[in-house]
Amino acid sequence: MPMIPTRSGNTERNSFVYVVAALAALNGLLFGFDTGVIAGAMLYIKSSFELTALLGYPVSSSLVEGLIVSGAMGGAIVGSACGGRLADRLGRRRLILVGAVIFFVGSLAMAIAPNVEVLILARFVNGIGIGFAAVVGPLYISEIAPPTIRGSLVSLNQLAITSGILVAYLVNYAFSSGGAWRWMLGVGMAPAVVLFAGMLFMPESPRWLYERGREGDARNVLSRTRSESRVAEELREIRETIETESSSLGDLLQPWVRPMLVVGIGLAAFQQVTGINVVMYYAPVILESTGFADTASILATVGIGVVNVVMTVVAVLLIDRTGRRPLLLTGLVGMTVMLGVLGLAFFLPGLSGVVGWIATVGLMLYVAFFAIGLGPVFWLLISEIYPTQIRGTAMGAATVVNWAANLLVSLSFLGLVDAIGQAWTFWLFGGLCLAALAFSYTLVPETKGRSLEEIEEDLRDQAIAAGTHPERSTLADDDD
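One numbering rule holds for all chains: residues counted from 1, following each sequence as written. Thresholds applied to this predicted model are a pLDDT of at least 70 for local features of residues and 80 or more for the giving and counting of side-chain atom pairs; totals over whole chains, interfaces and linings are not thresholded and use all residues. Only hydrogens and water are set aside when side-chain values are computed; all heavy atoms of the structure are taken into account.

Participant: I would appreciate a short explanation of the overall build of the protein chain in the present structure.
Facilitator: Only DSSP runs of H or I covering at least 4 residues are called helices, and only runs of E covering at least 2 are called strands; the numbering of each starts at the N terminus. Looking only at helices and strands, one finds 20 helices and two strands in the protein chain. Taken across its 480 residues, the protein chain has 57% of its residues classed as buried. Pairs at least 24 residues apart make up 84% of the contacts formed inside the protein chain by residues separated by at least 6 positions. Here, Shrake-Rupley sampling with a 1.4 Å probe gives the accessible areas, and only protein chains in the shown set may cover a residue. Accessible surface computed for the protein chain: about 18300 Å², of which carbon and sulfur atoms make up 67%. Burial status follows relative accessibility: with a 1.4 Å probe on protein chains alone, a residue under 20% of its type maximum counts as buried, one over 50% as exposed, and anything between as partly exposed. Contacts are assigned to residue pairs that have any heavy atoms within 4.5 Å of one another.

Below, the structure is given as structure tokens:
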């Protein structure tokens, strides 16, 4: 006789899935910590190394600074490009373990780097671990979470990113008085150890297990996070979607998948070209240019980090209630307005005495709107909208674009400021926010409250109706 789920059984299942999701979200903390910590460390690295030469050749100091900051992004592009396929081949859990080890090694190497060349190489290694984490963290959570709370749980990854940035800012401030940048960078080893140790005891994704013919293991994992009736239904849905698909890199370009590929890649690019990581990487530099001292500018970034975390918590609480689209569109409107205000602060004459405070408040509000919209919604949507067997690969493709755009913006920001000024640079980002708003309003779907299999079935049905799905010809032949 089947057991009737009790309230205590439901509570136990919910507790387990929250623990799994919170631990997997530490992937995001690694991502966020690296983003935030280099912002403060760069203020002091410049005084420790000669930045006018590289491999014995004279170069500009701004180029070396850019390479140090962007070294992790280059590694993240490689990690993201490989991470999707590795997640599909090795499994989600194993890739998380590999990523944690790589991040630990990279953090250690940065902390003991004897010269700027080794530091750049260590940043690249660290970036590979971040690239793995950026792909596999949201993917793992989305596949293990129940549909009704999937949005909130996947958004824990974004909360962890913002928390990692805040932790990095606090670490920067703690070590700023002595300029101890090596300690700043070395602290990243701690969350990598916690992530590795915790994931040793976590299960593999049930969808990945089922794809590998391990139905019994998949059922056991689902039974720890679902009611018995829901386990049978979800296994049936997984089986039906897998039976209708093949798996190859070329599947990403199939006409029926292409609309969601455009959505994922478009959001990936817009998340970066609208300027968020310019704020995260260069906030101390921006604020220092308005008159703040080194320590004061780092302390001001702590306030920005707090706002980032608080508003991400708001997004986590709302995303399964209001839906993805309302938060995304609201956030983009607010980002556009705040970038306009920031540009105006640097454009109008006679504001030099208060421009620092206007910039600080403007940056905080800009980050707040990002944190409730484009920040969490992008990572959530790319974990939901793709077919099961290419989900890891598709997320990897979107994440590669995300990091490539991040690299482009970060390398070009200081040059843009020199060429067109701070005001017009912020207005340029504002114009790109408007483009992102139009793109999102037109193309981004709502996925609230639907299982991954239901989302995929809708995509397939729409493609069949449009004649772009392979099943269309089969159906036509049957009609004949």
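Still to come is the rest of the account.
Participant: Whenever I open this one, the packing of helix α6 (residues 150-176) against helix α17 (residues 374-382) confuses me. Can you help?
Facilitator: Helix packing for two helices is described by the angle between their axes and how far apart those axes are. At their nearest, the axes of α6 and α17 sit 9 Å apart, and the two run at 125° to each other. Looking at the two axes, α6 sits oblique to α17. Two packed elements cross with a definite hand, and for α6 against α17 that hand is right-handed. Contacts between α6 and α17 involve R150, G151, V154, S155, Q158 and I161 from the first element and G375, P376, W379 and L380 from the second. Classifying every residue of the contact of α6 with α17 gives five nonpolar, four polar and one charged. To define axes, lines are fitted to C-alpha atoms, for helices over the stretch in contact only, and angles between the resulting N-to-C directions are given on a 0 to 180 degree scale. Just so you know how the angles are binned, under 35 degrees is roughly parallel, over 145 roughly antiparallel, 65 to 115 roughly perpendicular, and the rest oblique. Helix crossings are classified by the rotation of the near helix relative to the far one: an anticlockwise turn of less than a right angle makes the crossing left-handed, while a clockwise turn makes it right-handed. Charged means Asp, Glu, Lys or Arg here, nonpolar means Ala, Val, Leu, Ile, Met, Phe, Trp, Tyr, Cys or Pro, and polar covers whatever is left, Gly included.

Participant: Honestly, helix α12 (residues 258-273) in this entry has me stumped. Any pointers?
Facilitator: An α-helix turns once per 3.6 residues; consequently, residues spaced three or four apart project the same way. The length a helix should cover is 1.5 Å for every residue beyond the first. With 16 residues, α12 should reach 22 Å at 1.5 Å per residue; the first-to-last C-alpha distance of 22 Å fits that figure. Phi turns positive, to about 100°, at G275, one or two residues after α12.

On their own, these measurements won't tell you what the molecule is for.
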